[in-house]
Amino acid sequence: MKYFSLDYRSPPSGMGQIVDTAQPKKIGDKYNMTLVDYGNDSQEDPHYVETKYFFSNQAAQEGWSGPVMPEIIQYLRDQEVTHVYDGELKYEFDGADENGYFPIDRWAEIMMQMCG
């Protein structure tokens, strides 16, 4: 399964990681994942194989991903992500399985509603 795992920790942990369960977790000393982040201070995270950054002054000022959410959702789809693990939204919205994974379309629907 290829999924996006939201990371609600404080920066600089990024917004989350794209995880492919068919691939090894690490390559050398780096996580074999794509870190997804946004804001106005793009930096490659040396702990990950790849960092995808969505530059937005507005997102940085507002402190949330809303201004770049359509781009993030499209990127996840382009990367063939099928599910999103969201440890917080699973308690607030229906559509997640018993482990907290939303199908990408359901998670995108929730996020776009929240972006209003």
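The structure under discussion appears in the preceding block.
For clarity, every value in this text was computed on a predicted model and none was experimentally measured.

Attention now goes to the overall build of the protein. Of the regular secondary structure elements, the protein holds three helices and seven strands. Ordered by position from the N terminus, the helices and strands of the protein form the series β-β-β-β-β-α-α-β-β-α. The C-alpha radius of gyration of the protein comes to 14 Å, within 12% of the 13 Å expected for a compact globule of 116 residues. The C-alpha extent of the protein, read off along each of the three principal axes, is 40 × 35 × 25 Å. Within the protein, buried positions represent 41% of all 116 residues.

Glancing now at the pattern of salt bridges. Within this structure, the stated rule accounts for three salt bridges. As a salt-bridge pair, Glu109 and Arg106 come within 3.4 Å of each other at their nearest N and O atoms. Taken together, the residues Glu109 and Arg106, both in helix H3 (residues 104–115) and three residues apart, mark about one turn of the helix. Accessibility expressed as a relative area gives 41% for Glu109, which makes it partly exposed. Residue Arg106 is classed as buried on the basis of its relative accessible area, which comes to 18%.

Glancing now at the layout of surface pockets. By volume, the second largest pocket is sized at about 160 Å³. Residue lining of the second largest pocket: Lys2, Ile18, Val19, Asp20, Gln23, Asn32, Met33, Thr34, Val49, Glu50 and Gln79, and that is the complete set. Looking at the lining of the second largest pocket, the elements with two or more residues in it are strand E2 (16–20), strand E4 (30–39) and strand E5 (48–55). Considered class by class, the residues forming the lining of the second largest pocket number four nonpolar, four polar and three charged.

For Thr51, the location among the structural elements is in strand E5. Since its relative accessible area comes to 10%, Thr51 is described here as buried. Separated by 3.1 Å, the side chain of Thr51 and the backbone nitrogen of Asp45 make a polar contact. Setting aside anything within four residues of it in sequence, one finds Thr51 in contact with Leu35, Gln43, Glu44 and Asp45.

What counts, and at which threshold
Residues numbered from 1 in each chain as written. Predicted model: local features only at pLDDT ≥ 70, side-chain atom pairs only at ≥ 80, totals over all residues. Heavy atoms only, no water. Helix = DSSP H or I, 4+ residues; strand = E, 2+ residues; numbered from the N terminus. Rg over C-alpha atoms; globule rule 2.2 N^0.38 Å. Buried < 20%, exposed > 50% of the residue type's maximum accessible area, 1.4 Å probe, protein only. Salt bridge = Lys/Arg side-chain N within 4 Å of Asp/Glu carboxyl O. 1 Å grid on protein atoms, 1.4 Å probe; cavity = no way out; pocket = protein on both sides within 12 Å on 5 of 7 lines; lining within 4 Å. Points joined across faces, edges and corners; volume = space filled by probe spheres on them. Nonpolar A, V, L, I, M, F, W, Y, C, P; charged D, E, K, R; others polar. Polar contact = N/O pair within 3.5 Å; in protein donor to acceptor, adjacent residues only side chain to side chain. Contact = heavy atoms within 4.5 Å.

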